[in-house]
Structures are given as structure tokens and as C-alpha cells.
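Chains, contacts and geometry: an overview
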Amino acid sequence: MVLASHSLLPDWLDRADSWWDGLELSVGTDIEQTTVERWLNETFGQGSTAVRNDTLYLKLDDPRTNDFIGLPVRLEHSDSEAGYAPRRPVLRDRHITRMSGKPLDRPKCEFADGVQLVAFHSFKGGVGRTVHAVAMADAIAAQGGRVLLVDADLEAPGITWMYKSQSGSMDFCYEDLLALLHASEDGTWDSVVEFGEAYLPNQQVGRYGEHGSVSILPASRRTLLGPPRIDPAILLTPDRPQYFLTEAIAGLAARIGAEVAIVDLRAGASELSAPILLDPRVQRVFVTSLSHQSLSGTKDLVRQLMRRAPSLQGRDPASAVVVTQYRPDIHGAQLGSECAELSDILAESLQGPEGSDTDGEADALDRGVLTQPLCSPFREELLALSSTWDAVVRALNMCRVSDVLKPLLLVPPPRVVVDDPSALVEPRELRRRLAKTAFDLVYAEQGAMASADGFLVTDAMSRLIGDHRTEPPVALVIGAKGSGKTFMFAKACAARTWQQFADDSGIEGSRLDAPIVPVLESPNLDSTTNSAQVLRDSFARRLGGAEADTYQTIVDLLRRGLQTLGTDEIAWRRLWLRCLCAAAGRNDTDREPEDILADIAKLSSAVFVIDGLEDLLQTMTPVENQVALRVLLVDVVNWLRAMRGRPLGLLVFVRQDLVGRAVPQNSGQLMARFGPYALNWGQEDALRLALWVARSADALPRGAVPDVDDLSYEDVTQALIPLWGWKLGTEKSKEARSHLWVPAALGDFNNQVQARDVVLFLADAATKSLPDHGWDDRLLVPSAMRRALLSCSRQKIDAIQQENQEVGGLLVKIENNSGGVTVPFQLKDIGLKPDEAAFLIESGVFARDPDGRYWVAEIYRHGLGLGSARRARVLWR
């Protein structure tokens, strides 16, 4: 079998059968014994054969004697094409042929009525296979889906015992189905499923409302324990279709109106499970713990199954692995390493179909999303489950086991009902609206000073304003480039006062009527400078002065400080405080800035805001720049917080990587201190932003436009279906879920998705969707979304090279050396040093696996011109 799997069998060998008393080889009519003898010696080593009394023997090792002991080799000469005979979906072929190392023939059609078949399997028992199968069935039914749940573990049934303890009807079982299929004379299953349909309405469990239901097919009605009376493999006869059993189960599900059939299989490498696992149309879910035996067996079995029945991407459901019973505090490192290897194994088995229209550049990302292992942590409540079905389901719901399986749920949420169908707008017009609004928002800060209307209030913004209803904030707002720091700065300035900023954000209870006073702002914004100067002058007049210093005057103060102050921290603190005085129109050089600020505090409270530090400092390489920023972030903040009554506030909008470079010793502590206000856009935040943009563009059908605030994650994903569909294909396709694919496409390895990337992606995808037809159920068509990722990646690289010299310089270095390099790679392949790679890991561009190889986040990989060997590394889930 090893030789067959490596295509090493000679052309003249049609078939090989090994028995306890001999080896039978079927060879061509013109093949002589000497040819066979020579091949056996080449294969097993010289001296492995002998001829006794004209009979060829294959030598066997026996340490007890030096006498020759051999296995007779019998040759059968034949003209048959036995090497190409149809094969059955079993783990061990009846004969070893040249085809034994090749995949099984593919099914010729889809399952009846589009039924989706899911098989839960585990190499070892006791790892949670059955409870996760039950959790999936319950979750699908709770969403309004209809499920046929089959207990196919004929030796140690679990679902059957739950159902039996519930006093459920046991009139029709899996063994009955197998027996009736075996007895069918015409080799079809039509009459068998008609028979089962008559009984299954009485074998439903749970209360799921009008539409959802779970019908149980128990394993057996037998009361005595013992081996199964009938083996599924006996159905695989030459007169029946190759995938007779799976098609019959799908047919039974379709007959009772179920969209999904879930099969709980026997553990181990068993032929009881093989006919179902070896059908590539089946969604194969392998459940394993982190124990060595369970993991090793699962990996080996998955490799073996996938060699025999690989999945075609876009046509077959991708196989999945669920890792159970781990403790995050104990198994964190092992879990990450094992998940990466399991994902590799699954991705290797997911083959791209010939002639597929899937974009090759996006293929790696699709595989990465589809093959990420799911992680189900240890729960004590599941150690000793009750006996009845209802009690088990209550325990699973309490532990939220179904949350782990969300990426596998096969029934999309119900569609949003449109209030007024007559008010529907053509999809092309909605796409135009979305494209225009999103493009306007890509660099939204340029016009953000003009109005504070219409912006998404993030959790960080809500916490910042809510924590400072009565006293000015003194805090850092930390975020990566493109996370919305300047946008938030501009919206605060547009509100003019802290009270108005709170009102615009929908935060009630604020009583702080403090003016907002910009000290520094980004020079890249078209209208900011004049608008910010108006605020500075307004505050200066409030204090009884005439005009405040200009932006350029304040910048000149700081630039002279960078040339003259060196690393004098006291001098830098005074210079930063003097900048605050200058913004208030009180830059009296004859007085200490501390005294001036104390006088200002007696006249008025204020919230000073600083943005655009990266434009001022450019790079953090000079130590003077590091000291200057560190003093602002630490010393100036502490000085203002120590003022009696805290009358003056300060918000510093600063890039996360600058904080790490300026405060290398305690940056983690500093960022944790202001962590609640950090602009971190995770997966759910990115989805909320996408929904907000579509809503702002009036691009969603009326009735499908919920308020984004306070929506649950499930509500957000459902509301996004009119935007980009449930999947990157039809609802019953085998493509990735859209709400999982988008954050994976746009996220980095710090599990962050930048707001600007989301908006740019929507703008580009909407534009690319304009000429496409045939997708009237969504605005963004799959091919346009995949192409938009490529252009967004290139634009992100260009933007970083202009905006962040340190990261941008390293990306240029990678791009210049990216020719022919595929991910994952070694540093020598792209000419980077370890410290440079460490900086890119810190920035979220790189990730390093246990083997010392480096991966590049998809949002960077395409723009850098790097290929992908197998799949995308996805760490956001």
C-alpha cells in the first residue's frame, strides 16, 4: 500500500493480494517470473527472494533460525484492467492496485434537495464528539433550521442513550435503515426513505417554534450490548452507487424536510465510519483533545482520509477540527502550535478545482478562513452530564458550546423583512451610494472639522466620555495608523466643547462645559489648520487675550527643542507645558509655564488635544525624539493629573508603535493604564463599522437598516447579509462566511483591523461590483470583494511607506526581495535582520511559528508581492 500511495507500482502489475499463506500478483500475460523476482529484490532489498521447486518465494525474517522461510508468490497472468476497477469508500481496498494510492472517484451529483451532510468523528472516545454534534443540531434548530440527527456509533451510542432516557419513540433506527438498504432489490433507496419518513415525525426532540426541529435517528433498538448486527460497508456492492449510504441518509433528510443531516460516527479508524467520511460532499468535523494519542491519531487519520477523498475548494465543504478540553491558562502555547499544524493538514487537503474562477491571490486566504481549527475550552459542567436529552441541551446552552461552532453552522439567519417592497432601489444605485460615501470617508478627517454629525461611537469613545462627565480627561488615546485617531480628534474639535462632544456621541449625564483646545494637529488635513486656529483664538479671548499662537509657532518651538534640549527631561516637560500655554494665547516667556497654567485654571477649565505627533517626530531613532515623546506621555500627563481639582484636561492621540519605542521599559504598563480608551478595532468592531458605513450611505434596503448601537454580534452579522451575503457564494455554496472572511482579509497579527482599511475595502468592492450581474441579493459580489483585497493591500503598503518611515522602510526592503518568495519563509529569503523582524512582529505585520518560519498578514502580503505556499495564516478567530 505504501508503494501504491507513492505511485511506485510497476505498469505490469495490475493487482496485489496478500494472504497468510501467500502473495498473489496479477500481472500482464507477457510478464515472466524473472521480471517479478528482480522487482521484488529492488523493492525489498537484494536477497529478498528465492526460487524453490520453480516457486518464487519472498523471504521472511525469523530471528529464531537461519533457515530460509518464505512466503509463496503466485502469479496470475491476465489481460484485465483490474488496476482501474471502481473502488469503494472504505479505508482498506480489497485489492492493492495502482489506483490504491489515488483519490476515489468523485460523486457525480450533489445530495438530494441540497441537503448538507455533517459527520462528527474522533480518533479517541471521550473527547466531546457527541456533545458538539448535539450542540450543532440544537443551534441550527434554534435558528429555524430542520435537522436530522443520526447516531451512527453502532458500538457505543451516545445520542441514543440521551434520547431513550427522554422516553423518545424508538420505532426507526440507524440499524433499520442499514438493513432495509441492504435488502433493497433494485439498488435504490427511494422506498426505504419513504418507510423512514412515516416514523421520524414521532422522533423529534426539543421545542424550536414553528420552523426549527431536530429529528433523531437512534443507533439501534437492541437492549443487549454487543457488536453491530450489520456493517455499513456491506452496502458497498458493485450493483449499488459508490456513495449509496450517504446519498440514502441525505435522501431521508430531504424526505422529512430537513436541510441538514448530522451524523455522530464511531470513534477510531473504523470501517463503520469510512463510507461516510470518504464522501467529499460531507462536512467532516474531527474532534480531538490535546492529549498526544488523540492528536497524533487525528492527524494521521485526517491525512489518510484526505488522500483518499480530498475536498475541492468551492465545491465541497472544507473539513474542520474542533480542539476540546483545553485550559487557556495552561495549554495556551501548545494550543497555538497544534492548531497551526492541524490547519496546515486541512489546507493541504483542500484542493482548488480546475477551471475555478476563484482568484488565485485570494485562494490562500479562503483556505485559511475555511481551515482554522475551532477551540472549545474545558468546562467542568460537562464532565458528568445528565442522562436526558433536555438536560444535556440545557447544560450545553449554559456553557455556550454552540458559540464555538458558529463558523460551521449551515443555516443562514432568516432574511430581513423589508418594510415597503415598493421602495426598493436598484442594486446598482445602492452600490453607487456605498462607493461614494465610503470614498468620502477614506480620508474622512479632511472634512470632519466642519461637522460633528454622523459618526460611529466606538466602545473606546463611549468609555472615554462616560468616565469624564464632570472632570476633564487626562489620558492617552492609543491606536495604530488608520485606527481613527485623527477622525476622533477632528470630531472632538468640531464639537468645540466637551459637553457638546458628549451630546453628539449620545452619552448622557455630562456636565463639563469645557472648551476643546487643539495644541497640535496633523498637517495632512485640508481644513484642519484654520479650524483649529479658530478654537485656539476663541479660548484665548475667553481668557481675556487677543490671539493664540499659530500651529506653525508651536511646531517651531518643539523643533528648536529637538535641536537644543537633548535628553533633559525637566526642560522637555516645561517646553510641552509652554506649548499648552501658547495654544491658550498665554505664552509669556518671562514666567514659568507651570505658573501660567495655574492662572489659566483659575479662569476656565479646558481640554487640550494633541494629534499629529508622528508628523512632528518622523522617526523614533534619535534618542532626543524618544525622550521628548516619553516626557509628554508620562511626565506631562502626571503633572496635569496632580493639579488640584484637575481643571485642565489633555488628550494625546498617539500611535501605538511610537509609545512602545518611546517608553521601552514600561510601555505595557502605560498602555494598560489607558487601555480602555485605546482605538483597537477587532473583528466585531470592523463588522460594526462596515454596517455603519452602509447605513450612512443609505445603501441598505429599507427595513434592513437597524441602528448599529447596542446590536449583538449575531444581529450585526445578520444585518450585513444584504451588504455582502451570507457567504462568498450562494447560501448553500461551500465558500467561506463573508463576516469571517472580511476581518481575516483586513486584519493583522495583533488581531487588529484598521478602520481606514475597512472603509477603503467597502469603497473599492462597491466600485468593482458595479459591472457585475446576477447577484441581486447583495451589494458586494464575491469576485469584487476578492479583487478589492488585492488593491487595498497595495494601497496600504503605499500609505505606510509615506506615513511611517520605520515600518515603511522595512516593507520596501521586503518588496525589493520578494521575487519568488512564498509565505512562510526564513529571514534570509527576504534579507531582514532578527531585530527588524521583531519590530514587524510588534507592528502586526509578521507572525513567527514554532518552526522559526515567518508569516505575513494577508492585508500586507499581496501588496508586497509575496506568494503563498499553501494557505493564509489567520489568527483573528
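Residues numbered from 1 in each chain as written. Predicted model: local features only at pLDDT ≥ 70, side-chain atom pairs only at ≥ 80, totals over all residues. Heavy atoms only, no water.

Observations regarding the overall build of the protein chain
Heads up, the rule is: Secondary structure elements follow DSSP: runs of H or I of four or more residues count as helices, runs of E of two or more count as strands, with numbering from the N terminus. The rule is simple: take the accessible area with a 1.4 Å probe, protein chains only, and divide by the maximum for that residue type; under 20% is buried, over 50% is exposed, in between is partly exposed. The contact rule is simple, with two residues in contact once any of their heavy atoms fall within 4.5 Å. Note on areas: these come from Shrake-Rupley sampling with a 1.4 Å probe, and a residue is covered only by the protein chains present in the view. Asp and Glu count as negative and Lys and Arg as positive, but His and the ends of the chain are not part of the count. Charged side chains are reduced to one point each, which is NZ for Lys, CZ for Arg, CG for Asp and CD for Glu.
Looking only at helices and strands, the protein chain has 36 helices and 23 strands in total. Across its three principal directions, the C-alpha atoms of the protein chain cover 115 × 65 × 55 Å. Residues counted as buried form 57% of the 877 residues belonging to the protein chain. Long-range contacts, defined here as pairs at least 24 residues apart, represent 74% of the contacts in the protein chain between residues at least 6 apart. When the accessible surface of the protein chain is totalled, it reaches about 36,800 Å², and 47% of it is carbon and sulfur. Each charge class in the protein chain can be summarised by its mean position, and for the 93 positive and 118 negative side chains these summaries are 2 Å apart.

Some thoughts on helix α20 (residues 551-564)
Applied cut-off: Expected span, for any helix, means 1.5 Å times one less than how many residues it has. The arc under discussion is defined with respect to the helix axis, by the directions toward the C-beta atoms.
Counted at 1.5 Å a residue, the expected span for α20 with its 14 residues is 20 Å, and the 20 Å between its end C-alpha atoms agrees. Those residues of α20 lying buried are Y551, I554, V555, L557, L558, G561 and L562. Within α20, the buried residues cover an arc of 150 degrees as seen down the axis, which keeps them to one side. Every exposed residue of α20 that faces more than 90 degrees away from the buried side is listed here: Q563 and T564.

Re the nonpolar core
Where a protein is soluble and globular, its nonpolar side chains tend to be buried together. Counted only if it meets this: As used in this record, nonpolar core signifies buried Ala, Val, Leu, Ile, Met, Phe, Trp, Tyr and Cys residues forming a set joined through side-chain atoms within 4.5 Å.
Counting residues in each nonpolar core, the largest one holds 163 residues, and the members touching the most others are L520, L723, W741 and F846. At ten residues, helix α24 (residues 623-641) tops the list of elements feeding residues into this core. Grouped together as the second largest cluster of nonpolar side chains are 58 residues, Y174, F244, F286 and L295 included.

A closer look at the packing of helix α27 (residues 683-696) against helix α31 (residues 755-769)
Defined as follows: Think of each axis as a best-fit line through the C-alpha atoms, taken over the contacting stretch in the case of a helix, with angles from 0 to 180 degrees between the N-to-C directions. Any angle from 65 to 115 degrees is called roughly perpendicular, while one under 35 is roughly parallel, one over 145 is roughly antiparallel, and all others are oblique. Should the near helix be turned counterclockwise from the far one by less than a right angle, the crossing is left-handed, whereas a clockwise turn marks it as right-handed.
Contact geometry of α27 with α31 gives a least axis separation of 10 Å together with a crossing angle of 45 degrees. By the angle between their axes, α27 is oblique relative to α31. With respect to the hand of their crossing, α27 and α31 are arranged in right-handed fashion. Residue-level contacts link A686, L689, A690 and V693 of α27 to A755, V758, V759 and L762 of α31.

Some thoughts on the environment of R756
Tracing the sequence through the fold places R756 in helix α31. Classification of R756 by relative accessible area gives buried; the value is 18%. The spacing of R756 and Q795 is 39 residues in sequence and 11 Å in space, taken between C-alpha atoms.

Focus: the pairing of strand β9 (residues 213-217)
Keep this limit in mind: Two strands pair if DSSP finds at least two bridges between them.
In terms of burial, β9 is largely enclosed, as five of its five residues are buried. Bridge analysis of strand β7 (residues 146-152) against β9 gives five bridges, and the strand direction is parallel. Its bridge partner lying in β9, L148 is registered against S215.

As for the packing of aromatic side chains
Formally: The pairing test for Phe, Tyr and Trp rings, Trp by its six-membered ring, is centres within 6.5 Å, and the orientation test on the planes gives stacked under 30 degrees, edge-to-face over 60, and tilted for anything in between.
One pass over the structure, following the stated rule, counts eleven aromatic pairs. Where F489 meets F653, the ring centres are 5.9 Å apart and the plane angle is 85 degrees; that geometry is what we call edge-to-face. Taken together, the residues F489 in helix α17 (residues 485-495) and F653 in strand β19 (residues 648-655) connect sequence positions 164 residues apart. Looking at F489, the relative accessible area reads 1%, which means it is buried.

With respect to the sheet that holds strand β1 (residues 13-19)
In space, the five strands of this open sheet follow the order β1-β2-β5-β4-β3, with mixed pairing throughout. With one partner strand each, in any of the chains shown, β1 and β3 (49-52) form the two edges of the open sheet. Strand-to-strand, the axes of this sheet are offset by a mean angle of 30 degrees, without reference to chain direction. Judged from the five bridges that link them, strand β2 (residues 22-27) and strand β5 (residues 70-77) form a sheet pairing that is parallel. Bridge pairing in β5 links S26 to E76.

A short note on the environment of P157
Note that P157 resides in the loop between β7 and α4 (159-165). When the C-alpha atoms of P157 and T223 are compared, they prove to be 12 Å apart, with 66 residues separating the residues in sequence. In contact with P157, other than residues within four places in its own chain, are D151 and A219.

Points about the packing of helix α6 (residues 190-199) against helix α7 (residues 244-255)
A packed helix pair is summarised by two numbers, namely the angle formed by the two axes and the spacing between the axes. Counted only if it meets this: Put simply, Ala, Val, Leu, Ile, Met, Phe, Trp, Tyr, Cys and Pro go in the nonpolar bin, Asp, Glu, Lys and Arg in the charged bin, and everything else, Gly too, in the polar bin.
Contact pair α6 / α7: the axes reach a minimum separation of 9 Å and the direction vectors enclose 45 degrees. The angle between α6 and α7 places the two elements in the oblique class. Between α6 and α7 lies a crossing whose hand is right-handed. In this structure, α6 contributes V193, E194, G196 and E197 to the contact, and α7 contributes A248, G251, L252 and R255. In terms of residue class, the contact of α6 with α7 is built from three nonpolar, two polar and three charged.

Remarks on the pairing of β2
Extensive coverage of β2 is indicated by the burial of five of its six residues. Note that β1 and β2 share six bridges and pair antiparallel. Counterpart to A16 in the pairing with β2 is L25. Between the end of β1 and the start of β2, which pair antiparallel, lie two residues.

Observations regarding the confidence of the model for the protein chain
Caution applies to low-pLDDT parts of the model: their predicted coordinates are not meant to be read in detail. Spelled out, the test is: pLDDT expresses how confident the predictor is about each individual residue, on a scale running from 0 to 100.
In this model, the protein chain carries a mean pLDDT of 86, and residues with pLDDT of at least 70 account for 90%. By mean pLDDT, helix α15 (residues 445-448) is the weakest element of the protein chain at 47, and strand β18 (residues 606-610) is the strongest at 97. Across residues 355-359 the pLDDT falls below 50, and counting only partners more than four positions away or on other chains, this stretch makes six contacts in the model. Overall, residues 446-453 carries pLDDT values under 50, and its contacts beyond four positions in sequence, including any with other chains, amount to 22 contacts.

Describing the state of the cysteines
The condition that has to hold: For the purposes of this analysis, a disulfide is any pair of cysteine sulfur atoms at a distance within 2.5 Å.
Considering all chains together, one arrives at zero disulfides under this definition. As a non-bridged cysteine, C339 has C375 as the owner of its nearest cysteine sulfur, 3.7 Å distant. On the basis of relative accessibility, which here comes to 12%, the residue C339 falls in the buried class. The structure places no disulfide on C581, whose sulfur is separated from the nearest cysteine sulfur, that of C579, by 9.0 Å.

Observations regarding the pattern of salt bridges
Definition in use: A carboxyl oxygen of Asp or Glu within 4 Å of a side-chain nitrogen of Lys or Arg is what we treat as a salt bridge.
Considering all chains together, one arrives at 44 salt bridges under this definition. Between R106 and D316 there is a salt bridge whose closest N-O contact spans 2.7 Å. Of this pair, R106 sits in the loop between β5 and β6 (116-121) while D316 is found in the loop between β12 (311-312) and β13 (320-326), placing the two residues 210 residues apart along the sequence. Residue D316 is classed as buried on the basis of its relative accessible area, which comes to 1%. Two residues, R222 and E175, come together in a salt bridge whose shortest N-O distance is 3.0 Å. Within this pair, whereas R222 is found in the loop between β9 and α7, its partner E175 is found in helix α5 (residues 174-183), the two being separated by 47 residues in sequence. This pair shows no difference in class: R222 is buried, exactly as E175 is. In this structure, a network of salt bridges that share partners links the residues R129, D153, E155, D264 and R266.

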